[in-house]
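Given next are the chains, with one letter for each unit.
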Amino acid sequence: MPPPTGRLAPTPSGFLHLGNARSFLLAWLWARSAGGRVIMRVEDIDLPRCRPMFRRQALSDLLWLGLDWDAGPRPDDLPGPFDQSTRFEQYRLALDQLVQAGRAYPCVCSRKDIEEATRAPHGDEGAVYPGTCRGRFATFAEAAERSGTTPAWRFAFGDKPISFHDGLQGPVLAHPRDLGDFVLWRKDGLPSYQIAVTVDDAAMGISQVLRGKDLLLSTARQLALYEALGLKAPTQWAHVPLLLSQDERRLAKRDGDLSLKALRDQGVAPARMLGLCAYSCGLLGELRQATLGELTQGFKLSRLGQADFTLTQEHLAWLLG
Ligand code: GLU
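Residues numbered from 1 in each chain as written. Predicted model: local features only at pLDDT ≥ 70, side-chain atom pairs only at ≥ 80, totals over all residues. Heavy atoms only, no water.

Novice: Quick rundown of the site of the ligand? Include the residues and the values.
Specialist: Around the ligand, the neighbouring residues are Arg 7, Ala 9, Pro 10, Thr 11, Glu 43, Tyr 193, Val 197, Arg 211 and Leu 215. One of the backbone N or O atoms of Ala 9 is found 2.7 Å from a nitrogen atom in the ligand. Starting from 300 Å² of accessible surface for the ligand in isolation, the protein chains cover 81%. Taken together, the residues that form the shell around the ligand break down as five nonpolar, one polar and three charged. (Near = heavy atom within 4 Å. Polar contact = N/O pair within 3.5 Å; in protein donor to acceptor, adjacent residues only side chain to side chain. Areas by Shrake-Rupley, 256 points an atom, 1.4 Å probe, with all protein chains shown as cover. Nonpolar A, V, L, I, M, F, W, Y, C, P; charged D, E, K, R; others polar.)

Below, the structure is given as structure tokens:
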């Protein structure tokens, strides 16, 4: 098998936190330990929430940790071909292709409509879309005119179940009816995560994707999109456990005190950050400082634990030395 091409795909809508650092470290280790390439892609489609300052800080934090990349921007570069905000035209072409093929339809439902319509089976992304607008309008213009709103575009899922092998979670089987026709293009004129990530992973030659397990079922959605678009999908997937804060919540960007920036500002050394990340996912048997070199050498996906990890006060005290 040729060496893999992996990617780091930060979203610059806030400062990166320890949980992000952990997922990016693992993605980097998986690719580098097999002699692979790493691409940096900035996922800034959410224009109103993303900021140049967060982008610069995220790229600088990852380099500080020692994670490097073979293609993609440096912290001070202006947005270019590896920043999603510059690539809307590519996503639009993909959408047009799906529309032509009858695999996308305009949807005028609001979030509230969907919640109310479904008495909803809830999936990984909230209420599963019941397909209300599928076949309802002949054209986008008609949907806009009859509803008096700007429609979204949704993917018309086929009925074939989608299966893939996850390097950590094992075989995954997802049925379209449990996923629902998902949004390709939002009402507010922005492309969706699913279409952007699919187009980009194909365009950037990504063969290996490692990310948090909250995105496990997004992989099924993306595989359906690769097939509908006739694009080559990544072949290696791994969805890793999450890092939880003390109250058992998933870490979020608003957990500012656990941002890499705040920890750096408090003098935390990369070797401690790497040590805690590695320990928290089972790569180290004890909490100690670690180097990227030793983690790369000993890396095997199968050594990662399956359980989410809760950060305690003791872990944080150790981190701060
Ligand atoms: N941009 C996402 C994040 O920062 C990652 C999405 C992906 O890896 O597909 O969590």
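Resuming the write-up.
Novice: Explain the pairing of strand β10 (residues 208-212) residue by residue, including any values.
Specialist: β10 sits mainly inside the fold: five of its five residues count as buried. Judged from the five bridges that link them, β10 and strand β11 (residues 236-240) form a sheet pairing that is parallel. Looking at the pairing, Arg 211 lines up with His 239 of β11. Considered for its hand, the β-α-β crossover made up of β10, helix α8 (residues 216-229) and β11 is right-handed. (Buried < 20%, exposed > 50% of the residue type's maximum accessible area, 1.4 Å probe, protein only. Helix = DSSP H or I, 4+ residues; strand = E, 2+ residues; numbered from the N terminus. Pairing = 2+ DSSP bridges. Right-handed = clockwise from strand over helix to strand, strands pointing away.)

Novice: Give me the lowdown on the packing of aromatic side chains, citing residues and values where you can.
Specialist: How two aromatic rings sit relative to each other is set out by the distance from centre to centre and by the angle between their planes. Taken as a whole and assessed by the stated rule, the structure comprises eight aromatic pairs. An angle of 45° between the planes, with centres 6.1 Å apart, marks the rings of Phe 88 and Tyr 91 as tilted. With a gap of three residues between them, Phe 88 and Tyr 91 both fall in helix α3 (residues 88-100), about one helical turn apart. For the residue pair Phe 88 and Tyr 91, the accessibility class agrees, reading buried in each case. Judged by centre distance (5.4 Å) and plane angle (70°), the ring pair of Phe 155 and Phe 157 falls under edge-to-face. Accessibility assignment for this pair places Phe 155 and Phe 157 in one class, buried. Put simply, the rings of Phe 155, Phe 157 and Phe 182 touch in pairs and so form one group of aromatic residues. Lying across the ring of Trp 185, Arg 92 places its NZ or CZ 4.8 Å from the centre. Note that Arg 154 overlies the ring of Tyr 129, its terminal NZ or CZ placed 3.7 Å from the centroid. (Phe/Tyr/Trp six-rings, centres within 6.5 Å; stacked < 30°, edge-to-face > 60°. Lys NZ or Arg CZ within 6 Å of the ring centre and 35° of its normal.)

That is the geometry; function is a separate question.
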